[in-house]
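Summary of the model geometry
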Amino acid sequence: MTTIPADEVRQLKNALPFWLSLLMVPIALTGATVGGWTVLLLPLYSWVMFSILDAITGLNEDNADLSTEDDDLIWYKFITLIWAPLQVIVLFGLLWYVPRTGHLGLAEKIGLFFGMGVISGTIGINYSHELMHQKDRLERWLADILLAMVLYSHFRSEHLRVHHLWVGTPRDPVSARYNEGFQRFFPRVLLGCPKSAWKAEKAMLARKGLAVWHQSNPFWRYAGLQLVMLGLAFWIGGWEGLALFLWQAFVAIWQLELVNYIEHYGLTRRHLGEGKYEHVLPRHSWNAAHRASNWLLINLQRHSDHHYKPDRRFPLLQTYAEAEAPQLPYGYPAMTTLAMIPPLWKRVMNPKVRAWRKQFYPDITEWQAYNKAQNPMPRGS
């Protein structure tokens, strides 16, 4: 592994590959205006092309110099800052245009807004994840706007107040269990995450001596922003526009939860007894050093370092060797596709989980409670 000096990290040419998400805008407009097979270009671009690029460009195991100043990362921050207004224009522009055009059939409209969901999920939610971890209020508001466009605003509370605290324990809904297929994981988190997020915010307000209905509860903001988005969709596109908006939101949520599923599949923290768990370590996240998909996903695949330092901006996230953190065989675009085929997913990943257990926890011989999330809930959760 090589350390990239700060004066090289700050250069525009090194930030530009992370702007490849911008190409999804003209691809979406092409699908809307041309129709036909072009409505499939968005998933082909994000899933197929980047999987091919991963195979061509290989791994990137270089790490940016951590002394790089935040002000030197402006070209990296730029893409996350402009994305929310850009997605508003694309999404609501399509909701205005598509119901009024005569050249798109029903299947084409469904396909086009499937692609829109790929944009608002693969890119929009991912960028919101980067933004919600920052201290700047504008960035956090941009995160809220992006999440409201897919009706998943509670993700911010669940992610910050639950996932980062309790990953790899029974308290975290999105830590996928060993041998749990995505078809079981997905409905479980759809039901469990809103309740988990509400419980976390309620507990935080109680610690401040405030009622759950206090105006500082972020669920008021979440509800308001989501109602605005629903109202705009109906006002601009009528009932058809509203239906297409809901469809792209569902696709985006499905994309998010596919990523959540693969990030910690089968990885658990050691239970120390009486509801105590070991600290989160690099070993508790699956990583992928694949160059091209890390461009698209702004280094989300360097997931262990994100859990170590959640507010570290994406260009500074570090990669780990296999001796420290488990590695996925492919990047997220290929792995999320694999996750949709549970028998194939388990054939590839279950042996890797068992190898991880032998590597890091050779003394644990009984895994049933870990597999079924039956260990005690963490103290203080």
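We now turn to the structure provided with this report.

Rules of the game
Residues numbered from 1 in each chain as written. Predicted model: local features only at pLDDT ≥ 70, side-chain atom pairs only at ≥ 80, totals over all residues. Heavy atoms only, no water. Helix = DSSP H or I, 4+ residues; strand = E, 2+ residues; numbered from the N terminus. Rg over C-alpha atoms; globule rule 2.2 N^0.38 Å. Buried < 20%, exposed > 50% of the residue type's maximum accessible area, 1.4 Å probe, protein only. Contact = heavy atoms within 4.5 Å. Areas by Shrake-Rupley, 256 points an atom, 1.4 Å probe, with all protein chains shown as cover. Lys, Arg positive; Asp, Glu negative; His and termini not counted. Charge placed at Lys NZ, Arg CZ, Asp CG, Glu CD. Expected span 1.5 Å × (residues − 1). Salt bridge = Lys/Arg side-chain N within 4 Å of Asp/Glu carboxyl O. Core = buried A, V, L, I, M, F, W, Y, C linked by side-chain atoms within 4.5 Å.

This part is about the overall build of the protein chain. If you tally the helices and strands in the protein chain, you get 15 helices and 4 strands. Relative to its length of 381 residues, the protein chain is compact, with a C-alpha radius of gyration of 21 Å against a globular reference of 21 Å. Projected onto its principal axes, the C-alpha positions of the protein chain cover 65 × 50 × 45 Å. Residues classed as buried in the protein chain amount to 54% of the 381 residues present. For the protein chain, contacts bridging at least 24 residues in sequence account for 73% of all contacts bridging at least 6. Total accessible area computed for the protein chain in this model is approximately 16600 Å², and 64% of it derives from carbon and sulfur atoms. Side-chain charges of the protein chain comprise 37 positive and 30 negative groups, with the mean position of each set lying 8 Å from the other.

All right, on to unusual backbone geometry then. One non-glycine residue, leucine 151, lies in positive phi territory at about 55 degrees. Inspection of the secondary structure assignment puts leucine 151 in the loop between helix 7 (137-148) and helix 8 (154-166).

With 26 residues, helix 9 (residues 182-207) ought to run about 38 Å at 1.5 Å a step, and its terminal C-alpha atoms sit 36 Å apart, in line with that. Restricting attention to buried positions, one finds in helix 9 the residues Phe182, Phe185, Phe186, Val189, Gly192, Cys193, Ser196, Ala197, Ala200, Glu201 and Leu205. Along its buried surface, helix 9 packs onto helix 8, helix 10 (218-263) and helix 13 (332-339). Glycine 209 occupies a position one or two residues after helix 9 and carries a positive phi of about 75 degrees.

This part is about the pattern of salt bridges. As a working rule, side chains carrying opposite charge can pair if their charged atoms are close by. One pass over the structure, following the stated rule, counts 12 salt bridges. A salt bridge links arginine 10 to aspartate 72; the nearest nitrogen and oxygen atoms lie 3.1 Å apart. Residue arginine 10 is found in the loop between helix 1 (6-9) and helix 2 (12-15), and its partner aspartate 72 is found in the loop between strand 2 (63-64) and helix 5 (74-97); the two are separated by 62 residues along the sequence. Accessibility expressed as a relative area gives 34% for arginine 10, which makes it partly exposed.

Core analysis: the biggest nonpolar cluster contains 96 residues, and Phe92, Leu95, Phe113, Tyr261 and Trp345 have the highest contact counts within it. Residue contributions to this core peak at 17 residues, all from helix 10. If we skip the residues at most four places from it in the chain, phenylalanine 113 touches Leu91, Leu94, Leu95, Val98, Leu244, Trp247 and Gln248.

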